[in-house]
Amino acid sequence: MSLGPVDPTTTGAWAQLSRLADGYDLDLRRHLADDPAWVPHQTLTAGDLHVDLSKNLWDDGVEAALLRLADEVDLGARRDAMFAGERINVTEDRAVLHTALRLPADASLTVDGQDVVADVHEVLDRAYAFAERVRSGEWTGVTGRRIETVVNIGIGGSDLGPVMAYEALEPYRQDGLTCRFISNIDPTDAGQKLAGLDPETTLFIVSSKTFGTLETLTNARLCKTWLLERLPPGSDPAAAVAQHFVAVSTALDKVADFGIDTDNAFGFWDWVGGRYSMDSAIGLSLVIAIGPDHFADLLAGFHAMDEHFRTAPAASNVPLKMGLLNVWYVNFLGAHTHAVLPYAQLLHRFPAYLQQLTMESNGKRVRWDGTAVGYDTGEVFWGEPGTNGQHAFYQLIHQGTRLVPADFIAFANPAYPLVDDVDGQGVDVHELLLANFFAQTQALAFGRTADEVRAQGVADNLVPARTFPGNRPTTSIMAPALTPGVLGQLVALYEHVTFVEGAVWGIDSFDQWGVELGKELAQQLRPAVAGDADVTAHQDPSTQSLIRYYQETRGR
Ligand code: F6P
């Protein structure tokens, strides 16, 4: 690997892409009609994913220049360095090895003299055995009753992945066992999630990589108090905590300080970033909900995508091409955001999950050697399930002035195959959903011309408002069904898309220093918020005035 990041703007490919982008006016209607090879060329397979990149705003020339850019920034070497466990997280001096979390047990990878695959499977086996004890009822609460609710306490990467997957894999959950997730320091979150729970049948998992996160530790203390106050009189507090609290963390000493028996703690390693950790023991709540076999399928899905990214030739490498397309949109066509639109209600938390993955990773303004980037990085990812989004924000994507590249995700087989038979027609509702999925990317790509609008008999004065310009780029991702394996492939796909973008930009996609200042200031502000006038006086005038408003208004 080269010693420093390559400034991508110094490459020949960047100059070439700039020239291509100047006045780029590809017409997707013509492009697809004129080149019968284009759709097959841009229809790719990665694991179970069927990916159509043909409705993006690019052509052979742009594609070749993007692939050249990847070569010129040494992307392949950086990818190999990641998989090999080199310390590519430079600002934290860490390896980046979430891909080792899903290596099969018979693989081996030695980092700093340690076989990380053996470590991973040792923890996985313990997590699986623990999950089976909870699922079977062998593991009980302190009063001997079986566990009915698992509450995961965690935030960011220690929350978003488990919640997203718990929702996505709802059909795979065990009956009689529910999970709830407490993340926010807003006491409403704990208040609402604890409401109605029976302490005797509730198990808490405190999930925190650092075991130092204010939100998680505060919520864990609230839950501990809640439990001890509500268990039947006479319950031994230490035994109660031991039976009702387990932990997932890299900091097992802090777990012990909290009073959790480290026999009931599941570790992971500093080479797993928080936002890349849902397939580590951080997924314990999910393992309990869906069971070890399904969790193993999820890991196999992740691994299949890792292998695809690591070995597929550039021209058919889906994460590589999706990541490069995003660079094209951000740096050459001026896109600021990227929509992710799952036509699958079960993926309703997927965009939120991707927000941390992509934006905490690539929201950076300096390269990994500290030099300032002179180009945009890190687009804003956002989205909602279709068709709900169609009735909310799609108007802007269809007819607004901004370029919003969008990924559409759908499955051939539904989780709930319902039929609308009220009129005796037997309408397959999933087909209505899919018709919308296909229609939207078609409308976005090909639009409706003024002539076509006029031909529908629309009055001249209304023609402009009813014209769709088209040429709005989309990627369509399909799979047979939303299984654990497919979910693993989808998540790994976006992990690697994020990696590709970060590698081109020369940034460290694995640190997150930008979240620290706010945490520090919140700690400093606590006395002022609590009413210490001296401290309040040291704040800036705007913050002073806001705190004063709070102090005058609270309790009213
Ligand atoms: O503050 C950001 C962050 O560090 C995320 O990167 C991380 O996922 C989250 O906080 C939670 O951290 P932890 O798992 O250490 O509690």
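Look up: the structure comes first, before these words.
Remember, predicted model here, so these are calculated numbers, not experimental data. (Residues numbered from 1 in each chain as written. Predicted model: local features only at pLDDT ≥ 70, side-chain atom pairs only at ≥ 80, totals over all residues. Heavy atoms only, no water.)

Visitor: Before we go on, may I ask you to explain the pairing of strand β8 (residues 245–249) in this structure?
Guide: Remember that side chains alternate between the two faces of the sheet whenever the strand is regular. Judged by how many residues are buried, β8 sits mostly within the fold: five of five residues are covered. Alternating positions in β8 separate into two faces, F245, A247 and S249 on one and V246 and V248 on the other, with burial throughout. Looking at chain direction, β8 and strand β9 (residues 265–267) are connected through three bridges and run parallel. Bridged to A247 within β9 is A265. Once the chain exits β8 it traverses helix α11 (residues 252–258) before rejoining the sheet at β9, and the crossover so formed is right-handed. (Buried < 20%, exposed > 50% of the residue type's maximum accessible area, 1.4 Å probe, protein only. Helix = DSSP H or I, 4+ residues; strand = E, 2+ residues; numbered from the N terminus. Pairing = 2+ DSSP bridges. Right-handed = clockwise from strand over helix to strand, strands pointing away.)

Visitor: Teacher, can you tell me more about the environment of V366 here?
Guide: Residue placement: V366 occurs in the loop between α15 (350–362) and β11 (380–382). A C-alpha to C-alpha distance of 53 Å links V366 and A459, two positions 93 residues apart in sequence.

Visitor: In this structure, what is going on with the site of the ligand? I would like to understand it.
Guide: Near the ligand lie 14 residues; those nearest to it are S158, S208, T210, T213 and E360. Within the backbone of K209, a nitrogen or oxygen atom sits 2.7 Å from an oxygen atom of the ligand. Protein burial of the ligand: of its 390 Å² of free accessible surface, 88% is covered by the chains. Grouping the constituent residues of the shell around the ligand by class yields two nonpolar, nine polar and three charged. (Near = heavy atom within 4 Å. Polar contact = N/O pair within 3.5 Å; in protein donor to acceptor, adjacent residues only side chain to side chain. Areas by Shrake-Rupley, 256 points an atom, 1.4 Å probe, with all protein chains shown as cover. Nonpolar A, V, L, I, M, F, W, Y, C, P; charged D, E, K, R; others polar.)

Visitor: Would you explain the pattern of salt bridges in this entry?
Guide: Pairs can form between side chains of opposite charge whenever their charged atoms are close. By the definition in use, this model includes 24 salt bridges. Put simply, R102, D279, D306 and E495 are held in one network by salt bridges that share partners. (Salt bridge = Lys/Arg side-chain N within 4 Å of Asp/Glu carboxyl O.)

Visitor: How should the packing of helix α4 (residues 60–72) against helix α14 (residues 318–332) be read in this particular structure?
Guide: To describe two helices that pack against each other, one gives the angle between their axes and the distance between the axes. Packing of α4 against α14 leaves a shortest axis separation of 10 Å and a crossing angle of 100 degrees. In terms of orientation, α4 and α14 fall into the roughly perpendicular class. Taking contact as the criterion, the partners of V62, E63, L66, L67, L69 and A70 in α4 are, on α14, L320, K321, L324, L325, V327 and W328. Split into classes, the residues belonging to the contact of α4 with α14 amount to 10 nonpolar, no polar and two charged. (Axes fitted to C-alpha atoms, helices over the stretch in contact; angles between N-to-C directions. Parallel < 35°, antiparallel > 145°, perpendicular 65-115°, else oblique. Contact = heavy atoms within 4.5 Å.)

Visitor: In this structure, what is going on with the nonpolar core? I would like to understand it.
Guide: Within soluble globular proteins, side chains that are nonpolar generally end up buried alongside one another. In this structure, W271, I288, W328, L347, F350, L487 and Y494 are the most contacted members of the largest nonpolar core, which totals 128 residues. By residue number, the principal contributor to this core is helix α20 (residues 484–505), which donates 13 residues. If sequence neighbours within four positions are ignored, I288 has contacts with F130, A131, V134, R135, V150, L177, L203 and I205. Ranked by size, the runner-up nonpolar core spans 24 residues in total, among them L194, C223, V241 and F258. (Core = buried A, V, L, I, M, F, W, Y, C linked by side-chain atoms within 4.5 Å.)

Visitor: Would you mind showing me how to read the pairing of strand β12 (residues 406–411) here?
Guide: For β12, the buried fraction is high: six of the six residues fall into the buried class. Side-chain alternation along β12 places A406, F408 and A410 on one buried face and D407, I409 and F411 on a second face that is also buried. Two strands pair when backbone bridges link them, and strand β10 (residues 337–342) and β12 are joined in this way by four bridges, in the parallel orientation. Bridge pairing in β12 links A339 to A406.

Visitor: Please clarify how the sheet that holds strand β1 (residues 43–46) should be interpreted in this entry.
Guide: Note on sheets: strands pair through backbone hydrogen bonds, and any given pair is parallel or antiparallel. The six strands are arranged β1-β2-β15-β12-β10-β11 in an open sheet whose pairing can be described as mixed. The outermost strands of the open sheet, each flanked by one partner alone, are β1 and β11. Neighbour-to-neighbour, the strand axes of this sheet turn through a mean angle of 20 degrees, independent of strand direction. In this structure, strand β2 (residues 49–52) lies alongside strand β15 (residues 474–479), joined through three bridges in antiparallel fashion. In the strand pairing of β15, V51 is matched with I477. Here α15 sits on the sheet and contacts β10, β11 and β12; the angle it forms with β11, its principal contact strand, is near 165 degrees. Contacts from α20 reach β1, β2, β10, β11, β12 and β15 within the one sheet, and its direction differs from that of β12 by about 165 degrees.

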